[in-house]
Amino acid sequence: MTDTQPVLVVNAGSSSLKYQVIDARSGRTAASGQVDRIGGAGRLTHTVGGETHERDVSCPDHATALEAARDALREHGPDLAELGLFAVGHRVVHGGQRFTEPVLVDDDVVAAITDLVPLAPLHNPANLEGIRSARRSFPDVPQVAVFDTAFHQTVPPRAHTYAVPAQWRDQHHVRRYGFHGTSHRFVSRRTAQLLGRRPEDCNVIVLHLGNGASACAVRGGRSVDTSMGLSPLEGLVMGTRSGDVDPALGGYLARVAGLDPTAYDEALNKASGLLGLAGISDLRELEERRTAGDEDAALAFEVMVYRLVKYVGAYAVALGHVDAIAFTGGIGENSAPVRGAVLGSLGLLGVVLDEPANAGGVPERRVTGPGSRIPAYVVPTNEELEIARACLAVLEGPGRV
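No experiment lies behind these values; they were computed from the predicted model shown. (Residues numbered from 1 in each chain as written. Predicted model: local features only at pLDDT ≥ 70, side-chain atom pairs only at ≥ 80, totals over all residues. Heavy atoms only, no water.)

**Q** Account for the side chain of Ser227, with residues named and values stated.
**A** As for its placement among the helices and strands, Ser227 is situated in the loop between β11 (222-226) and α8 (249-257). Of note is the side chain of Ser227, whose polar atom sits 2.8 Å from the backbone nitrogen of Ala215. (Helix = DSSP H or I, 4+ residues; strand = E, 2+ residues; numbered from the N terminus. Polar contact = N/O pair within 3.5 Å; in protein donor to acceptor, adjacent residues only side chain to side chain.)

**Q** Run through the state of the cysteines, naming residues and quoting values.
**A** A full pass over the atoms with the stated rule returns zero disulfides. This cysteine, Cys216, is not joined by any disulfide, and Cys202 carries the nearest cysteine sulfur, 13 Å off. Overall, Cys216 belongs to the buried group, its relative accessible area being 0%. (Disulfide = S-S within 2.5 Å. Buried < 20%, exposed > 50% of the residue type's maximum accessible area, 1.4 Å probe, protein only.)

**Q** Mind laying out the sheet that holds strand β12 (residues 324-328), listing which residues take part and the relevant values?
**A** Here we have six strands laid out as an open sheet, ordered β11-β10-β9-β12-β14-β13, and mixed in their pairing. Both outer strands of the open sheet, β11 and β13 (365-366), are each paired with one neighbouring strand and no more. Bridging between β12 and strand β14 (residues 376-378) involves three bridges; their strand directions are parallel. Within β14, the position partnered with Ile325 by the bridge is Ala376. Docked against the sheet, helix α7 (residues 181-195) engages β9 (203-209), β10 (213-219), β12 and β14, running at close to 130 degrees with respect to β9. Docked against the sheet, helix α12 (residues 295-319) engages β9, β10, β11 and β12, running at close to 160 degrees with respect to β9. (Pairing = 2+ DSSP bridges. Contact = heavy atoms within 4.5 Å. Axes fitted to C-alpha atoms, helices over the stretch in contact; angles between N-to-C directions.)

**Q** Describe the pairing of strand β4 (residues 40-48), listing the residues and the values that go with them.
**A** As paired strands, strand β3 (residues 29-36) and β4 are joined by five bridges and run antiparallel to one another. Bridging across to β4, Ser32 finds its partner in Thr47. Count of turn residues in the β3/β4 antiparallel hairpin: three residues, of which Arg37 carries a positive phi of about 60 degrees. Direction of pairing for β4 relative to strand β5 (residues 51-59): antiparallel, over a ladder of nine bridges. If you follow Gly42 over to β5, its bridge partner there is Val57.

The analysis is restricted to geometry; functional conclusions fall outside its scope.
This is the structure in C-alpha cells:
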C-alpha cells in the first residue's frame, strides 16, 4: 500500500467535462479543469499550482474532450503517466435500485447504466460517454462508478414509495431515488465533525443549493428522505427546474395548449424555476434585480425561499430532532441573502441567525448565534474527494465509503 493514491475524477455532463486529480488519502488536489462546449468549438480551463491556463480546443465529443484534458495535464502537470494513476472515478447520476454502493466498472456495469438511461435521459448518456472514453484512454487503470442515487438507497419505503399503480412501481421501477447523494454524504459527515460528534450520533438537514438544488434529511449518517424524486426535477425551486408542481399540470396543458410530453418535460426542466419566474436563472443577477426593486425577481426569491423553509420544517418533523442545518453548493455557500431568509423563517425551531457571520467569513463557518437551538453551518462540498475516497474503498477491500 502506497502513501499516495492519485485518482482522476471525471464528471461528464451533456456539453462539458469536469476533471480533477486528487489524492484519495490526503485529499490534496494536484490539478483541476473543465472542457466546455463539447460538440463544437470547445474551451478548456486547467488549474494547477494556483495558475490557470485557458485555450480553445476542438471537441466534437467526450473522447476528444478527455484527450484535451490529458494534453493539459502533460503540458502543465501533473503528468498522469509519471504520477502513477491509482484509479479513475466517475460520477454517474442514476444508479436505479441496483447500485447501492460505488462499483468497479466492467462491461456488465456499463450495460446496466445504459439500461437506466430512461430514468435519467439528460444525464446518464453523458456519464456513459465519460466512462467509455476513460476506459479507452486508460485501459490498464481501474475505473469506479459512483452514483448520485446510492446514498439515498437507505430512504425507507414510506418515504420513497409513490402512491401510484403497482404496475408502475413493479414493472417500471417508479419511486423516489434522490440525487446529489455524493454531496449530501460528504457534507453530512463534515457537519458531524464540526459538531464534534460521529455521523452515527447526529441528525442533519443538508441543503445542497445550486443551479440544481435538493434537501436531504440525514439520520445517523443515513439518508432517510430527500426532495428530488424519480428524476432531479422534483422538490425545490432551481435555476431552470420547476421543482414540485401539481401532477395534473401535464394533462391540463396537453388539453388547453396542445403541449406534448416531450415539450412539457423540456419546459419544466429548462424553462422553469427562477428562469420561468423572473426571466433569469443566475441567482446573483436575480438578487441584484431584487435589490433594485424588480417585482418578478422579488417573487422568484420568495417562492424559492418559501419552498426551502417548507422542506426544512417537514424534515425537522421527520427526523424528530435536528442537530444541525448545513448549507452547501454554489448558492448555499455563497448567498447570504438566501441563508438569511431561510434561517430567519425558522424561529419556531429556535434558530437564531448570526448576521455578521452569515454576511461573510471563512468558507466553512457557523452562521447562527450561540443561543440558537439548532446550529447552522456553511459547509463547502467536495464531491471529488468523496468520489476519490469511494475509489479507495472499492479497490482496497471491504469497508464503507
